Amino acid sequence: MQKSQTQFITEKGARYMGQLCKHFAHKIDAGFDGNHGYANFPFGTAKLRADENQLEIAIEAEDDAALNRTKDVIESHLVRFAFREELEKLDWRDAA
């Protein structure tokens, strides 16, 4: 199992987490409650946690290709939703 994580420093972490989970829930199993959310893609899973300072995202997938696809989907949507904050790219840290 391949793993990676990132964090986005923002005061709107809960808002972005909600947007992501609601958006993904139209097509996959996704949801959120309080400060935690999830998205179960066919190719990987994402767990999200938000507080007043950040949005943390941890993902898992079977292989590197699936991990990269999961990263791309999460990142492309978050960049679009957070356009006012001029987010261009997330800094992913892959687990060894």
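Residues numbered from 1 in each chain as written. Predicted model: local features only at pLDDT ≥ 70, side-chain atom pairs only at ≥ 80, totals over all residues. Heavy atoms only, no water.

Q: Tell me what's going on with unusual backbone geometry, and back it up with residues and numbers.
A: Residues other than glycine seldom take positive phi values, yet Glu 86 does so here, at roughly 55°. Looking at the secondary structure, you find Glu 86 in the loop between helix 2 (64-81) and strand 6 (93-94). (Helix = DSSP H or I, 4+ residues; strand = E, 2+ residues; numbered from the N terminus.)

Q: I'd love a proper account of the pattern of salt bridges, names of residues and values included.
A: Enumeration according to the criterion identifies 4 salt bridges in this entry. For Glu 60, the salt bridge identified is with Lys 3, shortest N-O distance 3.6 Å. With Glu 60 in strand 5 (residues 54-61) and Lys 3 in strand 1 (residues 2-9), this pair connects stretches of sequence that are 57 residues apart. A relative accessible area of 40% places Lys 3 in the partly exposed class. Where Lys 71 meets Asp 94, a salt bridge forms, and the shortest distance between an N and an O atom there is 2.8 Å. Of this pair, Lys 71 sits in helix 2 while Asp 94 is found in strand 6, placing the two residues 23 residues apart along the sequence. You can call Lys 71 buried: its relative accessible area is 10%. For Asp 94, a relative accessible area of 48% translates into the label partly exposed. One connected set of salt bridges, linked through shared partners, spans Arg 49, Asp 51 and Glu 56. (Salt bridge = Lys/Arg side-chain N within 4 Å of Asp/Glu carboxyl O. Buried < 20%, exposed > 50% of the residue type's maximum accessible area, 1.4 Å probe, protein only.)

Q: I'd like a description of the sheet that holds strand 5, backed by residues and values.
A: Judged by pairing direction, the sheet is antiparallel, and its 6 strands sit side by side in the order 2-3-4-5-1-6 without closing on themselves. Sheet topology places strand 2 (29-33) and strand 6 at the edges, where each strand pairs with a single neighbour. Seen against the sheet, helix 2 touches strand 1, strand 4 (45-50), strand 5 and strand 6 and runs at an angle of roughly 155° to strand 5. (Pairing = 2+ DSSP bridges. Contact = heavy atoms within 4.5 Å. Axes fitted to C-alpha atoms, helices over the stretch in contact; angles between N-to-C directions.)

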